[in-house]
Amino acid sequence: MSRTGHGYAGTTNGVTTDAGLGKKFSEAISANAREKQPPSQALVEDGRRLLEALMEAYMDAEFQREVCRLREEIHDELRFLTTLGPLAARAQEPVFQCFGLPPGQRGVILMKMGVRLLSTVSPDIKELAGDLRELLCLPREEEDITSTIKKAESEFQDLQQKIAAAPLELRGPLAEAFLLPYNASPVEIAQAVPRLPKRAKEIADHHMARGRQDIIGEGKLLGSDMAHASDETLQAKVQDMFERYLQKMLSRVITPLDSYTRAPEDFACSWARDLVSKQTIQDLWGSQTCQTATLPVRDVVEDLSSQLGFSHGVAILNDTVSVKVTRQAREELAALETAGAVTPSQDPCNVGARSVWLHFETAEEREKSPPALRELCEHLLGLPHALLAAAESNSVVASRLRVHPHIMAATYRRGAEYHCHKDSYSGTDNSRMVTILLYLNDWQPGDGGELRLFGTKQVDADVGTGPGLRDAASAPDLERFVDVAPLSGRVVMFRSREIWHAVREPREQRWAMTLWVMAD
């Protein structure tokens with residue numbers, strides 16, 4: 001990226017703004033179209049100041065981390081642009097306001113048309129515009145405006161079609177999140193998407209107005225570690241949380257499940273087949289009317305039924321792999337941590353955790369994994385097929401599971417914890433259906449780091465946030481819980497969309513491997 005000589009290293013306060021630049025751009029574009037009149041040097045300087053202000057906004061460290069994360073995680077270009085749009089709009093909004101550009105997509109199009117005009121007489125403007133695009137992880141060269149408009153129209157049509165292809169039970173909650181009717185048309189939902197940052201702010205404002213007690217604490221939006229944060233910090237955290245959530249809802253609607261998952265039979269293995277029994281299936285998917293289902297590992301989870309009211313939804317299996325293998329896997333993870341591959345969590349609810357993803361999409365990725373971790377991942381990836389096969393043979397109704405062949409290994413040390421949450425909220429924010437955990441620890445009583453499973457209680461709907469943003473019908477009952485020790489070789493499986501859970505702070509380092517099994 002070339003920045004020499006542009007002089008945009010100063011602060012926003014140091015950039016002279018022109019609140020009438022939007023109007024000047026419009027007039028210059030019209031004059032050039034009618035009479036081929038080139039832009040004035042004064043307009044070129046105004047345009048330079050606009051781009052310098054945007055450069056400062058885009059170079060914000062947190063903004064850059066988020067853009068780079070999106071680019072790394074999202075390989076589909078349309079999906080990347082759809083997700084990037086609301087994020088970029090949030091950075092652009094104050095700049096556009098200062099320079100008199102319209103908000104949202106109209107302002108972006110006007111800016112692009114103006115910059116393209118200025119670039120015909122100023123190579124520096126073209127260079128600066130290329131630098132801006134690189135900061136957004138986009139190619140330096142912008143297409144001509146006709147192509148841009150056609151592309152925008154095409155992207156809108158594509159977004160509309162993807163929304164239309166999603167079942168009503170997926171797009172309905174998204175529509176309600178934007179304060180539209182549950183059965184709003186795909187066109188109405190697509191038109192609402194650019195308002196995503198504004199809608200997230202409205203939700204954050206609602207929670208802030210109800211006071212800190214609505215936001216901070218176990219089972220709430222933010223953990224108690226945020227108790228002494230300023231109102232400005234809380235506002236930013238809550239707004240970012242809901243913006244991410246709305247982005248996840250949109251991604252859930254427009255991304256077909258089969259486009260990023262594989263059939264369970266692709267990963268079938270004898271270890272998993274031998275591990276899963278009729279009891280496992282009953283524990284996980286037992287009859288909805290059964291209130292007396294027994295549970296394995298009686299020393300730990302017999303209280304799930306008596307204390308929490310669980311008759312199904314959690315299965316626990318002990319000694320599934322040898323201590324030798326789990327210790328070797330821990331050594332391999334320690335080596336990855338030393339190499340810098342284990343990175344901090346960005347989730348405000350997952351305080352202090354660090355994790356690394358182990359990818360098994362291709363044979364090449366499998367071969368890159370260290371041997372013990374590869375063995376354990378292949379075991380876990382085989383469980384969805386084993387669960388479905390056992391469910392069918394025992395006449396138990398199970399969801400249509402799909403495998404997302406990526407496993408997370410996460411570690412917690414003293415001071416780290418994961419606040420009460422669910423891994424999926426009614427399936428609106430992601431496709432997770434079953435969470436599968438494998439623990440690797442030589443755990444002793446007093447080491448901490450237990451998985452805490454909570455009971456549920458009925459609550460009134462959270463008026464004002466809009467349906468679909470949280471489970472309005474239930475909440476964790478923080479007074480009723482069971483702790484599950486993270487023993488070496490212990491596998492815990494639970495329904496991602498139903499089980500409230502947390503990770504308690506450990507006194508000794510704690511490792512767990514997690515596979516999230518997807519479903520419609």
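Above: the structure in question.
Residues numbered from 1 in each chain as written. Predicted model: local features only at pLDDT ≥ 70, side-chain atom pairs only at ≥ 80, totals over all residues. Heavy atoms only, no water.

S.K.: In this structure, what is going on with the overall build of the protein chain? I would like to understand it.
M.R.: For the protein chain, the count of helices and strands is 18 helices and 13 strands. Within the span of the protein chain, comprising 520 residues, buried residues form 52% of the whole. Within the protein chain, residue pairs in contact and separated by at least 24 positions form 77% of the contacts whose partners lie at least 6 positions apart. Split by element, the accessible area of the protein chain, about 24000 Å² in all, is 51% carbon and sulfur. (Helix = DSSP H or I, 4+ residues; strand = E, 2+ residues; numbered from the N terminus. Buried < 20%, exposed > 50% of the residue type's maximum accessible area, 1.4 Å probe, protein only. Contact = heavy atoms within 4.5 Å. Areas by Shrake-Rupley, 256 points an atom, 1.4 Å probe, with all protein chains shown as cover.)

S.K.: What exactly am I supposed to notice about the pairing of strand E4 (residues 354-359) here?
M.R.: Across two bridges, strand E2 (residues 343-344) lies against E4 in antiparallel orientation. Looking at the pairing, Thr343 lines up with Ser355 of E4. Bridge analysis of E4 against strand E6 (residues 406-412) gives six bridges, and the strand direction is antiparallel. Residue pairing for E6: Leu358 is matched across the bridge by Ile407. (Pairing = 2+ DSSP bridges.)

S.K.: Mind showing me how you'd approach the environment of Ile316 here?
M.R.: Secondary-structure assignment places Ile316 in strand E1 (residues 314-317). For Ile316, a relative accessible area of 1% corresponds to the buried category. For the pair Ile316 and Ile436, spaced 120 residues apart in sequence, the C-alpha separation works out to 9.8 Å.

S.K.: Looking at this model, I keep getting lost on the side chain of Glu243. Mind explaining?
M.R.: Within the secondary structure, Glu243 is located in helix H11 (residues 231-254). Glu243 gets classed as buried once you look at its relative accessible area, which sits at 2%. The contact partners of Glu243, leaving out residues within four places of it in the chain, are Pro86, Leu87, Arg90, Leu196, Pro197 and Ala200.

S.K.: Teacher, can you tell me more about unusual backbone geometry here?
M.R.: Excluding glycine, a negative phi dihedral is what most residues carry, and trans is how most peptide bonds are arranged. Positive phi, normally seen in glycine, also occurs at Lys36, with a value near 55 degrees. One non-glycine residue, Cys137, lies in positive phi territory at about 60 degrees. Residue placement: Cys137 occurs in the loop between helix H6 (123-135) and helix H7 (145-165). Taking the relative accessible area as the measure of exposure, Cys137 reaches 22% and is therefore partly exposed.

S.K.: Help me understand the pairing of strand E13 (residues 510-519), please; the structure alone is not making it clear to me.
M.R.: Moving residue by residue along a regular strand, the side chains alternate between the two faces of the sheet. Most of E13 sits inside the fold, with ten of its ten residues counted as buried. Burial along E13 is two-sided: the residues Arg510, Ala512, Thr514, Trp516 and Met518 and Trp511, Met513, Leu515, Val517 and Ala519 are all buried. Here three bridges tie strand E5 (residues 401-403) to E13, and the two strands are oriented antiparallel to one another. Its bridge partner being in E13, Arg402 is matched across the sheet by Met518. Judged from the five bridges that link them, E6 and E13 form a sheet pairing that is antiparallel. Looking at E13, one finds that Thr411 is bridged to Trp511.

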